[in-house]
Amino acid sequence: MKILIIGSGGREHALAWKLAQSPRVEKIYCAPGNPNIREAECIDTDNLEELADFAAVHQIDLTVVGPEAPLCEGIVDLFKDRELPIFGPDSKAALLEGSKNFAKEFMLRHGIPTASYTCCHNRKDALREVQRYPLPVVIKADGLAAGKGVSVATTAAEAEEAVNACFSGEFGSAGETVVVEECLIGEEASIIALTDGRSIIPLVSSQDHKRAGENDTGPNTGGMGAYSPAPVVNSGIWNRVEKEIIQPFLMGCQEEHFDYRGIIYAGVMITENGPKVLEFNVRFGDPETQAILPRLKSDLSEAMQAAVEQRLHEISLEWDNRHAVCVVLAADGYPGKYQKGEVIKGLEKAENAGALIFHAGTGKDSQGQVISNGGRVLGITALGETLPEAIEKAYTAVNAVDWPGAYFRRDIARRGCDQ
Ligand SMILES: Nc1ncnc2c1ncn2[C@@H]1O[C@H](COP(=O)(O)OP(=O)(O)OP(=O)(O)O)[C@@H](O)[C@H]1O
Ligand SMILES: [Mg+2]
């Protein structure tokens, strides 16, 4: 089997790492990938037509789409038109992530629990609406904003500032419509499932750390670390998630004739009234994937191909019961301004400490040394029989990395130890 992975981050490295373990897989390409993903040959394009041409010429058996942008741009529609097998939802279904308002309306139509909200198409309406909600109030740019379009405003001034940021073009056209919503109280979890539109298989639970600082302080980021399983998703919660979110989602896809052969990721808040959906993402989470896939015992290529061929009912997934913790190493200053091009050493030592290294924003200099080349740079994952053991192994590996310009949170997964 020849596989093409679209994307270039730690998630894509984890996908390549897992898919490369399959005896069915002979070759993996990654577009654009990064030079330190040793499991794949990287091809330097993210142009959809060129990717389809590549898949056709190289007779790719399965294309796997990592990030949301190409999905929302319609890469699945294009590949399907050319009868090229591809894993991911079509552009209509991808609106579940591409538009917060579309997702909310879908949730209402199918009785999926979520925060009350108002959709506003101009600044005046939005400024009026934020005053109608008790503080804190949540303001979301409707479109894709790379994890930076959402504000939880604790004061009226912050709320006004967030509304103005959206309508002043800070997020481009993504901010021309704004969703104002009730702030939910509780603990978050990532519920990620594999579906072919006919059946659906939840993966193991996980929890991300969105905020830059320890104890969930500071600005939202793309995610500073994740662990799996997330104890907050106990069996009672799982049952409710299955009944109130996952099954209605699948029914909704069928009623609305979505062609959904891929991953659905519900960002869920576990409130005192039960689980409520904060948002849908239509792809694997990053960094959740770097914690989830090391626990998967089954052949991922088989499961993905079964989804693409709509025979997912034939598949059951087997999981490692150990705990996984992934710590993200970012460039100092992320998500604000940061340096690139710094040499990173000690990765072999970190691997010898029993950890997995997933390259996100890294490159290679002219001497072949690994250098930093982005905001989120590395994901370091370790497994343990217990969560404290996995945490300790992960940070032992993190501390083996020799990169003075690195920033990482020291409290990844600690919350899971208190439960
Ligand atoms: N209704 C809400 N109540 C409380 N907190 C919220 C609410 N909606 C969003 N948040 C907070 O804001 C974060 C980001 O919101 P959301 O997940 O909708 O946006 P996103 O930018 O699409 O995120 P991602 O990059 O994870 O896809 C959430 O992880 C949560 O911490
Ligand atoms: Mg999102």
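Residues numbered from 1 in each chain as written. Chains lettered and ligands numbered in written order. Predicted model: local features only at pLDDT ≥ 70, side-chain atom pairs only at ≥ 80, totals over all residues. Heavy atoms only, no water.

1. A closer look at the coordination of the magnesium ion (ligand 2)
- At this site the magnesium ion (ligand 2) is bound by Glu-279 (OE) and Asn-281 (OD1), with donor distances of 2.0 to 2.3 Å. This pair shows no difference in class: Glu-279 is buried, exactly as Asn-281 is. (Donors = N, O, S within 2.8 Å, 3.2 Å for Na, K, Ca; no water. Buried < 20%, exposed > 50% of the residue type's maximum accessible area, 1.4 Å probe, protein only.)

2. Regarding the site of ligand 1
- Looking at ligand 1, there are 18 residues lining it, with Lys-100, Lys-140, Glu-181, Leu-184 and Glu-188 nearest.
- Take Lys-210: an N or O atom from its side chain is 3.0 Å from an oxygen atom of ligand 1.
- At 3.4 Å from an oxygen atom of ligand 1 is found a side-chain nitrogen or oxygen belonging to Arg-283.
- Expressed as a share of its isolated accessible area of 610 Å², the protein-covered part of ligand 1 is 89%.
- Ranked by residue count, the leading element in the shell around ligand 1 is strand β17 (residues 274–281), at 3 residues.
- Class assignment of the residues belonging to the shell around ligand 1 gives a composition of 7 nonpolar, 3 polar and 8 charged.
- Structurally, the shell around ligand 1 is a two-domain feature, drawing no fewer than three residues from each of domain 2 (116–182) and domain 3 (186–314). (Near = heavy atom within 4 Å. Polar contact = N/O pair within 3.5 Å; in protein donor to acceptor, adjacent residues only side chain to side chain. Areas by Shrake-Rupley, 256 points an atom, 1.4 Å probe, with all protein chains shown as cover. Helix = DSSP H or I, 4+ residues; strand = E, 2+ residues; numbered from the N terminus. Nonpolar A, V, L, I, M, F, W, Y, C, P; charged D, E, K, R; others polar. Domains from an automatic or database assignment.)

3. Quick look at the environment of Leu-84
- As for its position among the elements, Leu-84 is in the loop between α4 (75–81) and β5 (86–89).
- With near-sequence residues (within four places) excluded, Leu-84 lies in contact with Ala-52, Ala-55, Ala-56 and Phe-79. (Contact = heavy atoms within 4.5 Å.)

4. Comments concerning the domain arrangement of the protein
- You can read the domains of the protein as domain 1 (2–88), domain 2 (116–182), domain 3 (186–314) and domain 4 (323–418).
- Residue-level contacts link 25 residues of domain 1 with 25 residues of domain 3.
- For the domain 1 and domain 3 pair, buried surface summed over both sides reaches about 1,900 Å², with 66% attributable to carbon and sulfur atoms.
- Put simply, domain 1 and domain 3 have 2 salt bridges between them.
- We note a salt bridge from Glu-68 to Arg-283, for which the minimum N-O separation is 3.1 Å.
- Residue assignment for the side of domain 1 that touches domain 3 shows that the elements contributing at least two residues are α1 (10–19), β4 (62–65), α3 (68–73) and β5.
- With 7 residues, the top contributor of residues to the side of domain 1 that touches domain 3 is α1.
- Split into classes, the residues belonging to the side of domain 1 that touches domain 3 amount to 14 nonpolar, 5 polar and 6 charged. (Buried area = accessible area lost by both parts, 1.4 Å probe. Salt bridge = Lys/Arg side-chain N within 4 Å of Asp/Glu carboxyl O.)

5. Let's talk about the sheet that holds strand β8 (residues 150–153)
- Reading across the sheet, the 4 strands line up as β6-β9-β7-β8 and stay open at both edges, with antiparallel pairing between neighbours. Two strands close off the open sheet at either side, each with one partner strand: β6 (117–120) and β8. Adjacent strand axes in the sheet meet at a mean angle of 20°, parallel and antiparallel pairs treated alike.
- Strand direction decides the pairing type here: β6 and strand β9 (residues 178–182), joined by 4 bridges, are antiparallel. Within the sheet, the bridge partner assigned to Cys-119 lies in β9 and is Val-179.
- On the sheet, helix α6 (residues 100–109) packs against β6, β7 (137–141), β8 and β9 and is oriented at approximately 140° with respect to β6.
- Each of β6, β7 and β9 touches helix α7 (residues 123–132); the most contacted strand, β6, lies at about 165° to it. (Pairing = 2+ DSSP bridges. Axes fitted to C-alpha atoms, helices over the stretch in contact; angles between N-to-C directions.)

6. Re helix α11 (residues 300–308)
- When you tally the buried positions in α11, you get 8 out of 9 residues, the bulk of the element.
- If you check which residues of α11 are buried, you get Leu-300, Ser-301, Ala-303, Met-304, Gln-305, Ala-306, Ala-307 and Val-308.
- Just downstream of α11 lies Gln-310, where phi reads positive at about 55°.

7. Focus: the environment of Ala-266
- Note that Ala-266 resides in strand β16 (residues 260–271).
- Each C-alpha atom of the pair Ala-266 and Glu-83 lies 29 Å from the other, and the pair is 183 residues apart in sequence.
- Beyond its immediate stretch of four places on either side in the chain, Ala-266 contacts Ala-189, Ser-190, Ile-191, Ile-245, Glu-279 and Phe-280.

8. Here's the deal with a negative patch on the surface
- Taken together, Asp-44, Asp-46, Glu-50 and Glu-73 make up a surface patch of like negative charges.
- The residue Glu-73 is located in helix α3 in this model. (Patch = residues over 30% accessible without salt bridge, like charges linked within 9 Å, V, L, I, M, F, W, Y side chains within 5 Å. Lys, Arg positive; Asp, Glu negative; His and termini not counted. Charge placed at Lys NZ, Arg CZ, Asp CG, Glu CD.)

9. What to know about α7
- Within α7, the full set of buried residues consists of Ala-126, Glu-129 and Val-130. Buried positions in α7, seen along its axis, are confined to an arc of 100° and lie on one side of it. Of the exposed residues in α7, those oriented more than 90 degrees away from the buried face are Lys-124, Gln-131 and Arg-132.
- Residues of α7 that are buried in the fold lie against β6, β7, α8 (156–167) and β9.
- Its side-chain oxygen 3.2 Å from the backbone nitrogen of Lys-124, Asn-122 forms the N-cap of α7. (Arc of directions from axis to C-beta.)

10. Details of the pattern of salt bridges
- Under the defined criterion, the tally for this structure stands at 24 salt bridges.
- Asp-125 is the partner of Arg-128 in a salt bridge, and the nearest nitrogen-oxygen pair spans 3.2 Å. Highlighted residues: Arg-128 and Asp-125, both in helix α7, separated by 3 residues, approximately one helical turn.
- For Asp-125, a relative accessible area of 23% corresponds to the partly exposed category.

11. Describing the layout of surface pockets
- As a volume, the second largest pocket reaches approximately 310 Å³.
- If you go around the second largest pocket, you meet 18 residues; those closest to its centre are Asn-36, Arg-38, Leu-347, Glu-351 and His-359.
- For the lining of the second largest pocket, the secondary-structure elements that each account for two or more residues are α1, α12 (347–352) and β19 (356–359).
- The residue makeup of the lining of the second largest pocket, split by class, is 8 nonpolar, 4 polar and 6 charged.
- For the lining of the second largest pocket, the domains that each give at least three residues are domain 1 (2–88) and domain 4 (323–418). (1 Å grid on protein atoms, 1.4 Å probe; cavity = no way out; pocket = protein on both sides within 12 Å on 5 of 7 lines; lining within 4 Å. Points joined across faces, edges and corners; volume = space filled by probe spheres on them.)

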